[in-house]
Amino acid sequence: MEYFKAEDLSCVFGQDGPNTQPKILFSGLSLQLGRGEIVDLIGPSGSGKSHLLTALAMLDPDACAMMDLEGCSCRDFNPQEWRRQVVYLPQRPTLTSRTVIGSLLLGFSFGRGRFSRSSVNSRERPSPLELRKGLDVLGLQDVELDRNPLSLSVGQQARVCLLRSLLLKPKVLLSDEVDAGLDSDSATMVACLLERTSKSTGMAVLRVRHRDADGLASRTLRLEQGSLSEGGAL
Ligand SMILES: Nc1ncnc2c1ncn2[C@@H]1O[C@H](COP(=O)(O)OP(=O)(O)OP(=O)(O)O)[C@@H](O)[C@H]1O
């Protein structure tokens, strides 16, 4: 059994408009991720890498796929439950809370309301000390927990968003250029944290990157002109 698999992965724009010709970004693709595996997704700008990740997270209204996570079909999850297991980390960091600590704990407040049956309830809410350690590991020693996240640089915000995603202990992390705006030391800290987390929890990671290979990924997938192929340089 594959840990995570997607088949018949398609993204088609303009299917609903009466006067527009549908534009197929990709169609009929498939991919698999092993438990604890880190895979890089590369390809030219505009080839559809972000759409592929959002399709896997059931976040893309123009996309569809047949997916299994640990042998369970995505049809057995509602989209919110799926997205807690298969977490998309967007290219542009978005932090809406007034403090860093509020931003980091955002996912833990969701379980109190509508989706109270969700597995988020069973996840232990991290203490301020644990959050502090998490920030430090990512080179964010200067970022206070009560700081307004909007006062952080984009690279700092990106790392806070990464930590927020990891705190939810996803089974699959879809990371869209999280290290794009980082210096090489910070990018290495991000890579090390992903590697450690994957090894300790079995989380699979699909990373979109435009940087040179850092030796972390076991495979590279290349998306170009609607085709997904194994291997290929940047
Ligand atoms: N509504 C739409 N109609 C037609 N084409 C669209 C629509 N929305 C997005 N696209 C196209 O989808 C393509 C894929 O965009 P996407 O952001 O997934 O690419 P990417 O590979 O992640 O790019 P980058 O590396 O620059 O971030 C782009 O060429 C974009 O023009």
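The rules behind each value
Residues numbered from 1 in each chain as written. Predicted model: local features only at pLDDT ≥ 70, side-chain atom pairs only at ≥ 80, totals over all residues. Heavy atoms only, no water. Helix = DSSP H or I, 4+ residues; strand = E, 2+ residues; numbered from the N terminus. Buried < 20%, exposed > 50% of the residue type's maximum accessible area, 1.4 Å probe, protein only. Axes fitted to C-alpha atoms, helices over the stretch in contact; angles between N-to-C directions. Parallel < 35°, antiparallel > 145°, perpendicular 65-115°, else oblique. Left-handed = near helix turned anticlockwise from the far one by under 90°. Contact = heavy atoms within 4.5 Å. Nonpolar A, V, L, I, M, F, W, Y, C, P; charged D, E, K, R; others polar. Phe/Tyr/Trp six-rings, centres within 6.5 Å; stacked < 30°, edge-to-face > 60°. pLDDT = per-residue confidence, 0-100. Arc of directions from axis to C-beta.

**Quick look at unusual backbone geometry**
In terms of backbone geometry, most residues other than glycine have negative phi values and most peptide bonds are trans.
And step 1. Here Asp8, not a glycine, exhibits a phi torsion of approximately 55°, which is positive.
And step 2. Its location among the elements puts Asp8 in strand 1 (residues 4-13).
And step 3. Judged by its relative accessible area of 49%, Asp8 falls in the partly exposed class.
And step 4. Phi at Gln225 takes a positive value of approximately 50°, unusual for a residue other than glycine.
And step 5. Residue position: Gln225 is located in the loop between strand 9 (219-224) and strand 10 (227-230).

**Some remarks on the packing of helix 5 (residues 128-137) against helix 6 (residues 154-167)**
And step 1. For the pair helix 5 and helix 6, interaxial distance at closest approach is 10 Å and the crossing angle is 130°. It follows from the interaxial angle that helix 5 and helix 6 lie oblique. Of the two possible hands of crossing, helix 5 and helix 6 adopt the one that is right-handed. Along its contact with helix 5, which presents Leu131, Gly134 and Leu135, the element helix 6 presents Val160, Leu163 and Leu167.
And step 2. Taken together, the residues that form the contact of helix 5 with helix 6 break down as 5 nonpolar, 1 polar and no charged.

**Side note on the packing of aromatic side chains**
And step 1. Going through the model one piece at a time under the given rule, you end up with 2 aromatic pairs.
And step 2. Their ring planes at 40° and their centres at 6.3 Å tell us that Phe4 and Trp82 sit as a pair that is tilted. Of this pair, Phe4 sits in strand 1 while Trp82 sits in helix 2 (residues 79-85), and the two are 78 residues apart along the sequence.
And step 3. With relative accessibility at 0%, the residue Phe4 sits in the buried group.
And step 4. According to the relative accessible area criterion, Trp82 is buried, its value standing at 0%.
And step 5. With a centroid separation of 5.1 Å and 80° between ring planes, the pair formed by Phe77 and Trp82 is classed as edge-to-face. You'll find Phe77 and Trp82 in the same group, each marked buried.
And step 6. The structure contains a cluster of three or more aromatic residues connected by ring pairs, namely Phe4, Phe77 and Trp82.

**Here's the deal with the confidence of the model for the chain**
And step 1. Looking at the chain, the pLDDT average stands at 90 and 91% of residues meet or exceed 70.
And step 2. Low pLDDT, under 50, characterises residues 112-119; the stretch is placed with 10 contacts to residues that sit more than four places away or in other chains.
And step 3. Interface predicted TM-score (ipTM) for the complex: 0.96; the corresponding pTM is 0.91.

**Observations regarding helix 5**
And step 1. Where helix 5 is concerned, the buried positions are Leu131, Gly134 and Leu135. On an axial view of helix 5, the arc spanned by its buried residues comes to 95°, and they lie on one face. In this structure, helix 5 carries Leu129 and Lys133 as exposed residues pointing more than 90 degrees from its buried face.
And step 2. Positive backbone phi, approximately 75°, marks Gly139, located one or two places after helix 5.

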